[in-house]
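Structural overview
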Amino acid sequence: MNSALPKHVKLVEVGARDGLQNEKTPVATDVKIDFINRLSRCGLATIEVTSFVSPEWIPQLADAEEVYAGIDKVEGVAYPCLVPNVKGIERAIACGVREISVFTAASETFNRKNINASIAESIERFKPVVKIAAEHKMRVRGYISCVLGCPYEGPITPAQVADVVAMLDDLGCYEISLGDTIGVGTPARARNMLEAAAKRTSIDRLAVHFHNTYSQALANILACLELGVSTVDASVSGLGGCPYAKGSAGNVATEDVVYMLHGMGIETGVDFLKLLDAGDFINAKLNRTTTSRIGSIPPANRQRPERFHTA
């Protein structure tokens, strides 16, 4: 095993927010709560719960307050929620949320179409949000979309990403997630982007968030692990995806990431079979088929990954 690889990787499960928000059919509040509770029993360190955005933007997440109030908060598990503005954090505070996320992009065009603001304007919008979060001792995570490609602008340069990383670092984000929103990255490009980003903040403050449009997500994750990243975003059963990427397979599946990591001897704290059960539950409720190769294996034939052991 490569000695540069981390011994432990923190997984940030985004299926309940990033995944479900893209479902066109309304998902019942009690189903979301049950889903998140099942994820909590898997040993995941971080489970993104919901987003306090306007119901007009994302009707699927109109029940943010009910979902957050209804889930079982397991000790040692973080339950962050996405907020777009001051109104969003005020709603989050009223619910007792302890960690929030803010989001921008490395592409000016994508940012304007997604949140109707330039990159600089989005950072200015977040300043009062972060100030309020600090006053309430809330941690703030930052997301950057389109770090390897944009559906409007095409390829994104590492320098563009690094500039936004510096902005979020200056803003006070404790962690910055680098998102390949349309899944066009390859390992070499992912490494170049990460190397540029790591020059603007500490590598241990960076996370990676890959979509699997061209089946490159696991390879990209491995390339980034080799550079020192130890936080990976993933979505159980590959829930979610970008509506701007035609034919996108969505987020990388958490169970596929866990299988790879455990097979390499890298710990996650996640119970692999319980994770598969959580995926089965939500797939049945959504009447969908998992995009995970492992999740598609019949339960009776599933096995935990064989652990790698050095001689």
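Right above here is the structure, for reference.
First things first, this report covers the structure right here in the doc.

When two helices pack together, their arrangement is captured by the angle between the axes and the distance separating the axes. Their axes nearest at 10 Å, the elements helix H6 (residues 119-135) and helix H7 (residues 158-171) cross at an angle of 15°. Comparing the axis directions of H6 and H7 gives the class roughly parallel. The element H6 and its partner H7 pack so that their crossing is right-handed. Between H6 and H7, the residues in contact are Ile119, Ile123, Phe126, Lys127 and Val130 and Val164, Met167, Leu168 and Leu171, respectively. The residue inventory of the contact of H6 with H7, partitioned by class, reads eight nonpolar, no polar and one charged.

To continue, consider the sheet that holds strand E9 (residues 175-180). One open sheet holds the nine strands; their spatial order is E2-E1-E11-E10-E9-E6-E5-E4-E3, and the pairing between them is parallel. Each end of this open sheet is capped by a strand with a single partner; those strands are strand E2 (46-47) and strand E3 (50-51). Both E9 and strand E10 (residues 206-210) contribute to a ladder of five bridges, which runs parallel. In the sheet register, leucine 178 faces E10, and the bridge partner there is valine 208. Together, strand E1 (10-13) and strand E11 (231-234) form the strand contacts of helix H10 (residues 254-263), whose direction differs from that of E1 by roughly 170°.

Taken as a whole, helix H4 (residues 86-95) has its buried residues at Gly88, Ile89, Arg91 and Ala92. Viewed along the axis of H4, the buried residues span an arc of 155°, placing them on a single side of the element. Among the exposed residues of H4, those pointing more than 90 degrees away from its buried face are Lys87 and Ala94. Its side-chain oxygen at 3.3 Å from the backbone nitrogen of lysine 87, asparagine 85 defines the N-terminal cap of H4. Of the residues one or two after H4, glycine 96 is the one with positive phi, at around 90°.

Another aspect to go through is unusual backbone geometry. Of note, cysteine 146 is a non-glycine position whose phi angle comes to about 60°, a positive value. Positioned with a positive phi, serine 215 is a non-glycine residue whose angle comes to about 55°.

Moving on, we come to the environment of glutamate 65. By secondary structure assignment, the location of glutamate 65 is in helix H3 (residues 64-70). Taking the C-alpha atoms as reference points, glutamate 65 and isoleucine 89, separated by 24 residues in sequence, lie 12 Å from one another. Setting aside residues up to four positions removed in sequence, glutamate 65 forms contacts with Phe52, Arg91 and Cys95. Within the local environment of glutamate 65, its side chain forms a polar contact with the side chain of arginine 91, the two groups lying 2.7 Å apart.

Neither face of E1 is exposed, since Lys10 and Val12 on one face and Leu11 and Glu13 on the opposite face are all buried. Relative to E11, E1 runs parallel, the two sharing four bridges. Along E11, the bridge assignment pairs leucine 11 with valine 232. Judged from the two bridges that link them, E1 and E2 form a sheet pairing that is parallel. Its bridge partner being in E2, valine 12 is matched across the sheet by threonine 46.

Examined against the element boundaries, valine 129 turns out to sit in helix H6. As a C-alpha pair, valine 129 and isoleucine 89 span 40 residues in sequence and 6.6 Å in three-dimensional space. The residues touching valine 129, leaving out its near neighbours within four places in the chain, are Val83, Asn85, Val86, Ile89, Ile100 and Val102.

Glancing now at the side chain of serine 51. Tracing the backbone shows serine 51 in strand E3. We classify serine 51 as buried; its relative accessible area is 1%. Here the side chain of serine 51 touches leucine 82 through a polar contact of 3.4 Å, landing on its backbone oxygen. Those residues in contact with serine 51 that lie beyond four places of it in its chain are Arg17, Leu61, Ala64 and Leu82.

Attention now moves to the packing of aromatic side chains. Taken as a whole and judged by the stated rule, the model has one aromatic pair. Ring geometry for tyrosine 259 and phenylalanine 272: centres 5.8 Å apart, planes at 50°, overall tilted. Of this pair, tyrosine 259 sits in helix H10 while phenylalanine 272 sits in helix H11 (residues 272-286), placing them 13 residues apart in sequence. Residue placement shows arginine 17 over the ring face of tyrosine 143; its charged tip is 5.8 Å from the ring centre. Positioned above the aromatic ring of tyrosine 174 is the side chain of arginine 139, whose terminal nitrogen or guanidinium carbon lies 3.9 Å from the ring centre.

What follows is about the pattern of salt bridges. Scanning the model with the defined rule gives 16 salt bridges in all. Residues lysine 131 and glutamate 135 are paired through a salt bridge, measuring 2.8 Å at the closest nitrogen-oxygen approach. One end of the pair is lysine 131 and the other is glutamate 135, both in helix H6 and four residues apart, which spans about a single turn. By relative accessible area, which is 52% here, lysine 131 ends up exposed. The shortest N-O distance in the salt bridge between aspartate 280 and arginine 302 comes to 2.7 Å. In this pair, aspartate 280 sits in helix H11 while arginine 302 sits in the segment after H11, placing the two residues 22 residues apart along the sequence. The class of arginine 302 is buried, set by a relative accessible area of 12%. When salt bridges that share partners are traced, they join Lys10, Arg141, Glu175 and Asp233 into one network.

Procedures and definitions
- Position labels on residues start from 1 in each chain and follow its written sequence.
- Residue-level local features of this predicted model are given only where pLDDT is at least 70; pairs of side-chain atoms are given and counted only at 80 or more, and the full residue set underlies all totals for whole chains, interfaces and linings.
- The side-chain numbers reported here are obtained from all heavy atoms of the structure, hydrogens and water having been left aside.
- Between the N-to-C directions of two axes lies an angle of 0 to 180 degrees, each axis being a line fitted to C-alpha atoms and, for a helix, fitted only over the stretch in contact.
- Per the convention used, a helix needs a DSSP run of H or I reaching at least four residues, while a strand needs a run of E reaching at least two, with both numbered from the N terminus.
- When describing relative orientation, an angle under 35 degrees is termed roughly parallel and one over 145 degrees roughly antiparallel, while 65 to 115 degrees is termed roughly perpendicular and anything else oblique.
- It is the rotation of the near helix from the far one that decides the hand of a crossing: anticlockwise by less than a right angle makes it left-handed, clockwise makes it right-handed.
- Whether two residues are in contact is decided by their heavy atoms, any of which lying within 4.5 Å being enough.
- Classification used: nonpolar for Ala, Val, Leu, Ile, Met, Phe, Trp, Tyr, Cys and Pro, charged for Asp, Glu, Lys and Arg, polar for all others including Gly.
- Strand pairing follows a simple DSSP-based rule, namely that at least 2 bridges must link the two strands.
- For each residue, the accessible area found with a 1.4 Å probe, counting protein chains only, is set against the maximum for its type, and the residue is called buried under 20%, exposed over 50%, and partly exposed in between.
- Directions pointing from the helix axis toward each C-beta atom define the arc.
- Two N or O atoms form a polar contact when they lie within 3.5 Å of each other; inside protein one atom must be a possible hydrogen donor and the other a possible acceptor, and for residues adjacent in sequence the pair counts only when both atoms belong to side chains.
- A pair of aromatic rings is counted whenever rings of Phe, Tyr or Trp (Trp by its six-membered ring) have centres within 6.5 Å, and the orientation is called stacked for planes under 30 degrees apart, edge-to-face for over 60 and tilted otherwise.
- We call a charge positioned above a ring when the Lys NZ or Arg CZ atom is no farther than 6 Å from the ring centre and deviates by at most 35 degrees from the ring normal.
- When a carboxyl oxygen of Asp or Glu lies within 4 Å of a side-chain nitrogen of Lys or Arg, that pair is called a salt bridge.

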